[in-house]
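Descriptive structure summary
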Amino acid sequence: MTPPTCISHNGVFLPPSSAAVSVLNPAIYGAYGVYESLQLANGLIFAKESHLARLEHSAHVIGLPLPATLEVIGRWIDEVVAFEAVCAGTVRLFALGPDNGGAPSAYIWVQPPTVHPPAFYTQGATAVTFEARRYLPEAKSLNSLASYMAQRHARASGVHEALLHHDGQLTEGSNSNLFAVIDGELITPPATEVLSGVTRDIAVMLARRAGLPIREAPLLLSEMRRWSECFITSTSRHVMPVTQVDGEPIGEGAVGWFTTRLHASYEEYFAGEIVRQARSGWQASE
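Definitions and cut-offs
- Residues numbered from 1 in each chain as written.
- Predicted model: local features only at pLDDT ≥ 70, side-chain atom pairs only at ≥ 80, totals over all residues.
- Heavy atoms only, no water.
- Axes fitted to C-alpha atoms, helices over the stretch in contact; angles between N-to-C directions.
- Helix = DSSP H or I, 4+ residues; strand = E, 2+ residues; numbered from the N terminus.
- Parallel < 35°, antiparallel > 145°, perpendicular 65-115°, else oblique.
- Left-handed = near helix turned anticlockwise from the far one by under 90°.
- Contact = heavy atoms within 4.5 Å.
- Nonpolar A, V, L, I, M, F, W, Y, C, P; charged D, E, K, R; others polar.
- Expected span 1.5 Å × (residues − 1).
- Buried < 20%, exposed > 50% of the residue type's maximum accessible area, 1.4 Å probe, protein only.
- Arc of directions from axis to C-beta.

Details of the packing of helix H2 (residues 48–62) against helix H3 (residues 70–84)
At a minimum axis distance of 10 Å, the contact between H2 and H3 shows a crossing angle of 125°. Put simply, H2 runs oblique to H3. Remark: the crossing between H2 and H3 carries right-handed chirality. Across the interface between the two elements, Lys 48, Leu 52, Ala 53, Leu 55 and Glu 56 of H2 pack against Leu 70, Ile 73, Gly 74, Ile 77 and Asp 78 of H3. For the contact of H2 with H3, a count of residues per class yields 6 nonpolar, 1 polar and 3 charged.

Here's the deal with H2
End to end, H2 covers 22 Å across 15 residues, agreeing with the expected 21 Å (1.5 Å per residue, within 8%). Among the residues making up H2, those that are buried are Lys 48, His 51, Leu 52, Arg 54, Leu 55, Ser 58 and Ala 59. Across the axial projection of H2, the buried residues extend over an arc of 160°, all falling on one side. Turned more than 90 degrees away from the buried face of H2, the exposed residues are Glu 49 and His 60. For H2, the elements touching its buried residues are strand S3 (33–41), strand S4 (44–45), H3, strand S5 (89–96) and helix H6 (198–209). With its phi angle positive at about 70°, Gly 63 sits one or two positions after the end of H2.

A closer look at the side chain of Thr 233
Relative to the assigned elements, Thr 233 resides in strand S14 (residues 227–234). Exposure remark for Thr 233: the relative accessible area of 2% places this residue in the buried category. Setting aside anything within four residues of it in sequence, one finds Thr 233 in contact with Ser 176, Asn 177, Phe 179, Thr 199, Arg 200, Ala 203, His 238 and Val 239.

Here it is as structure tokens:
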């Protein structure tokens, strides 16, 4: 991966080699920190306010003081994007707890975009189940060992994603949210029991706007054979179909109607939001 040119530390640009965290920082031994990944398209940040709101919520859940207001952190993001002068990528934002009684920190940098194979959208991705449970799932915290182990299991199994489950219930992907279609109804695990992604929230909104039957409810591991469709959502994936889990096909093993419709709706919404932001910027500069 191409390293970033700079990393912003509380609004001050540093070379990557100088953006260091002490081994005494509670982020190291206690995972005391939160993070966000934001998508950069055409030089614009998609859903920046929603990501910052979730950052604030995650920080609140673990009692983490942020180093600045959301408005200031948003400005730091804009400054990094302007400095890097790239049109597409992933903006990484990490907020860490105070180091030895000092001030909390926010580190921001831009990575190259994550590009998924087109076949994942036309034929569907594959997944495996993995028994694990994230601690304080509502917070996007640095305590991500369960997700890391699930991702490693997925790679070892030669599939794209791992779906977490515990106590007989499927909850989410290692770094995605989970949706399934059962008896003509779209179901996703309750937001209070998972890390509700920004993309998940938009997908739910678009489904309701289109009048699709959708509700939050537990997804039982024992009922996977009843699923006619499955898809996952995340910042980089948008709406991605999953057509095989644990080597077994979901439904007919093909991308289904619900997934196709929501994928198209999301892409239309995404493109429209980027255009809207661009027009707002043009008007502000006039």
